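What follows is each chain in one-letter form.
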Amino acid sequence: MEHEGPAVVGPFVVQGRLGSGAMGTVHLARSPGGRLVALKVVRPELADDPGFRARFAREVAAVRRVGGAYTAAVVDADPDAERPWLATEYLPGPTLQQAVDAQGPLQPDRLRYVAAGLAEALVAIHRAGVVHRDLKPSNILLTDNGPRVIDFGIARALEDVNLTATGIVVGTPGYLSPEQITGEPIGPASDLFSLGGVLVFAASGQGPFGRGPLSVMMARVVQGQAQIPPLPEEVAAVVRGCLERRPEHRPTPQQVLGMLSPAVQLPTATIMQTVAPTRLLPAERPPTEPQPVGSTFRTSRTWSVLMTLWLLAFTSTTGYLSSYAAEVGFHGQALFWWLLSLIGLAVLAFRVPFLFARTVRLVVNADGLTATRSGRTGSVPWSAVSRIRLVGRPRRVWLVVWLDPARAAELPASPHRFHGGHRVFPVAHGATSRRRLRQIGELRAALNWYAGRLFDVNY
């Protein structure tokens, strides 16, 4: 797995790169005892700022007081390192941003559940004397035990840094409170304004102030009117209160909980569905053998069909032109069109089998992997899997699984192996590039959720 930065940071061995943000790069790393952590390594330009180092140390100390019930708990940190770093508990669930992008806005019951969970998290955070300052969909992880809030305190540590020199923008327009933009004192009520924006996004897929350039978004927050979509009555009341322009008019997290608690009664199964990383499709259940329920993926032949039709039209046209050119005596042009028609026929013959190839189906769930290929269905539990990886060129991506040799025959796969691994699923082969990228993202989210310790996040 490729990654940027040092291979070892403090006691942690870097496994790969998860992403980057205003503070620096985030890596997946492993502790000496084998525990996975999210390791944030500070940008070099911030490491040279003594003021940032001091604020970073204070914020890390404050975050430790919150604990891990509602956040990703701090495992270790070193503000005095050459490049300061912070290691937090690695939670393999999707972010709220990823979940909504992949499966659409949350249903009303799930929206109420997430709203109450976030309010409960803010109670704990504010009780510890911390203000998040950058609450947004990408800083909220959905887990099987409620939403978790990550990256709080970072925005404060970045305050007063020379942003022009570093090119860093602190916070996300549309979720920043008016007082963060105008420079007024910032308190816990700022996080409540952000909570209102997060709930609008969770319910509609878009923030309350739309999209646009930075200056336009900031002006809308300070002077404009928030666009609130239709919401369940109690959630609508919470959102309206949170998006009040004046901090003193917003509810406290405890008041938000009081407004939502009577409606938040979800059974465990529903909670699990709330935080599933990809769209849950209903299982087709034949009379004799029920199909497993989970995140379901299928290959697509849409693009192959379109290409085949185009080649058929192309070949017919060139064949007609070659015949016409021969009739009127243009033998050179006739030979040219005749050769083109032969090329079209050869390519068409290559693509026709794709039209009749059977769809490959993959189900990823808490039990393991189930694949259907060429009329055969087989399953393997996660205990039989040693590693999972996405490999291949952008247009020909495969899910490769390394299996216990004793169980390898149970999962139908391509006869062509990849460094000892089995090519189990052709990710959106024959689909459009947009559909392919979407399925890659959904499959990554499902594998991170159900088999984070096995998934080699390399794609």
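Note that the structure is a prediction, hence the values are computed from the model and not measured.

J.: Would you mind going over the overall build of the protein chain with me for this structure?
T.: Across its full length, the protein chain carries 15 helices and 17 strands. When contacts within the protein chain are restricted to residue pairs at least 6 apart in sequence, those whose partners lie at least 24 apart make up 60%. When the accessible surface of the protein chain is split by element, carbon and sulfur atoms take 55% of a total near 22,000 Å².

J.: Would you take a moment to explain the sheet that holds strand β6 (residues 85-89) for this structure?
T.: Hydrogen bonds between backbone groups are what pair the strands of a sheet, and the pairing can be parallel or antiparallel. Read from one edge to the other, the open sheet built from six strands follows the order β1-β2-β3-β4-β6-β5, with strand pairing classed as antiparallel. On the outer flanks of this sheet lie β1 (8-9) and β5 (74-78), each paired with one strand and no other.

J.: Looking at this structure, how should I read the pattern of salt bridges?
T.: When the charged atoms of two side chains with opposite charge come close together, those side chains can pair. Taken as a whole and judged by the stated rule, the model has nine salt bridges. Put simply, Glu 45 and Arg 43 hold a salt bridge, and the shortest N to O gap is 3.4 Å. Of the residues examined, Glu 45 reaches a relative accessible area of 34% and is grouped as partly exposed. Residue classification places Arg 43 among the partly exposed positions, given a relative accessible area of 26%. The residue Glu 179 makes a salt bridge to Arg 250 at a minimum N-O spacing of 2.8 Å. Taken together, the positions of Glu 179 in helix α7 (residues 178-182) and Arg 250 in the loop between α10 (233-242) and α11 (253-260) put the pair 71 residues apart, joining distant regions of the chain. Taking relative accessible area as the criterion, Arg 250 reaches 7% and is therefore assigned buried. By sharing partners, the salt bridges in this structure join Asp 109, Arg 112 and Glu 234 into a single network.

J.: Which parts of the structure should I look at to understand the pairing of strand β10 (residues 361-364)?
T.: Within a regular strand, the side chains alternate between the two sheet faces. Burial along β10 is two-sided: Arg 361 and Val 363 and Leu 362 and Val 364, pointing in opposite directions, are all buried. Where strand β9 (residues 295-298) lies against β10, four bridges are found, and the strand directions are antiparallel. Considered in β10, the bridge of Ser 295 is made with Val 364. Following β10, the chain reverses through three residues before pairing antiparallel with strand β11 (residues 368-373).

J.: Quick question: what am I supposed to make of the sheet that holds β11 here?
T.: On the basis of which strands lie adjacent, the open sheet formed by four strands has the order β9-β10-β11-β12 and antiparallel pairing. With partners counted over all chains shown, the strands left at the sheet margins are β9 and β12 (376-381), one partner each. Sheet twist, expressed as the mean angle between neighbouring strand axes with direction ignored, is 15 degrees. Contacts from helix α15 (residues 433-451) reach β9 and β10, with the element oriented near 145 degrees to β9.

J.: How should I be thinking about the packing of aromatic side chains in this particular structure?
T.: Across all of its chains, the model carries four aromatic pairs by this definition. For the ring pair Phe 12 and Trp 85, a centre distance of 5.7 Å and an interplane angle of 85 degrees mean the geometry is edge-to-face. Within this pair, whereas Phe 12 is found in strand β2 (residues 12-20), its partner Trp 85 is found in strand β6, the two being separated by 73 residues in sequence. As far as burial versus exposure is concerned, Phe 12 and Trp 85 are alike and both buried. Summarising the aromatic geometry, the rings of Phe 193 and Phe 209 are spaced 6.2 Å apart at their centres and angled 15 degrees between planes, so their arrangement reads as stacked. Linking Phe 193 in helix α8 (residues 188-204) with Phe 209 in the loop between α8 and α9 (214-223), this pair joins segments that are 16 residues apart in sequence. Residue Phe 193 is classed as buried on the basis of its relative accessible area of 2%. Against the face of Trp 402 rests Arg 387, its NZ or CZ located 4.6 Å from the ring centre.

J.: Would you explain the environment of Val 401 in this entry?
T.: Considering the arrangement of structural elements, one finds Val 401 in strand β14 (residues 396-403). C-alpha separation for the pair Val 401 and Val 424, spaced 23 residues apart in sequence, amounts to 6.7 Å. The residues touching Val 401, leaving out its near neighbours within four places in the chain, are Leu 369, Val 385, Arg 387, Ile 388, Gly 421, His 422 and Val 424.

J.: Is there a simple way to explain the confidence of the model for the protein chain in this structure?
T.: Low pLDDT marks regions whose predicted coordinates should not be analysed in detail. Residues of the protein chain with pLDDT of at least 70 account for 74%, and the chain-wide mean is 77. Here helix α12 (residues 268-274) stands out as the least confident element of the protein chain, with mean pLDDT 39; α8 is the most confident, with 95. Here residues 157-169 is a poorly scored stretch, pLDDT under 50, and it has 28 contacts once near neighbours within four places are set aside; other chains count. Within the model, pLDDT remains below 50 along residues 263-293, and this stretch shows 62 contacts once partners closer than five positions in the same chain are excluded.

J.: Even after reading the chapter, I still don't get the nonpolar core, so can you show me in this structure?
T.: Within the largest apolar cluster, 45 residues are counted, with the highest numbers of intra-cluster contacts made by Leu 96, Leu 111 and Leu 195. If you tally residues by element for this core, the top one is helix α4 (residues 108-127), at ten residues. With residues up to four places along the chain from it excluded, the contact list for Leu 96 reads Leu 106, Pro 137, Ile 140, Leu 142, Val 198, Phe 201 and Ala 202. Counting residues in each nonpolar core, the second largest holds 29 residues, with Leu 369, Trp 382, Leu 390 and Tyr 450 among its members.

J.: Where do I start with the packing of α4 against α8 in this structure?
T.: Contact pair α4 / α8: the axes reach a minimum separation of 11 Å and the direction vectors enclose 160 degrees. As judged from the angle between their axes, α4 and α8 are roughly antiparallel. As α4 packs across α8, the resulting crossing turns out to be right-handed. Facing Leu 111, Ala 115, Leu 118, Leu 122 and His 126 of α4, the residues of α8 in contact are Pro 188, Asp 191, Leu 192, Leu 195, Val 198, Leu 199, Ala 202 and Ala 203. Here the residues of the contact of α4 with α8 sort into eleven nonpolar, one polar and one charged.

Criteria and cut-off values
Residues numbered from 1 in each chain as written. Predicted model: local features only at pLDDT ≥ 70, side-chain atom pairs only at ≥ 80, totals over all residues. Heavy atoms only, no water. Helix = DSSP H or I, 4+ residues; strand = E, 2+ residues; numbered from the N terminus. Contact = heavy atoms within 4.5 Å. Areas by Shrake-Rupley, 256 points an atom, 1.4 Å probe, with all protein chains shown as cover. Pairing = 2+ DSSP bridges. Salt bridge = Lys/Arg side-chain N within 4 Å of Asp/Glu carboxyl O. Buried < 20%, exposed > 50% of the residue type's maximum accessible area, 1.4 Å probe, protein only. Axes fitted to C-alpha atoms, helices over the stretch in contact; angles between N-to-C directions. Phe/Tyr/Trp six-rings, centres within 6.5 Å; stacked < 30°, edge-to-face > 60°. Lys NZ or Arg CZ within 6 Å of the ring centre and 35° of its normal. pLDDT = per-residue confidence, 0-100. Core = buried A, V, L, I, M, F, W, Y, C linked by side-chain atoms within 4.5 Å. Parallel < 35°, antiparallel > 145°, perpendicular 65-115°, else oblique. Left-handed = near helix turned anticlockwise from the far one by under 90°. Nonpolar A, V, L, I, M, F, W, Y, C, P; charged D, E, K, R; others polar.

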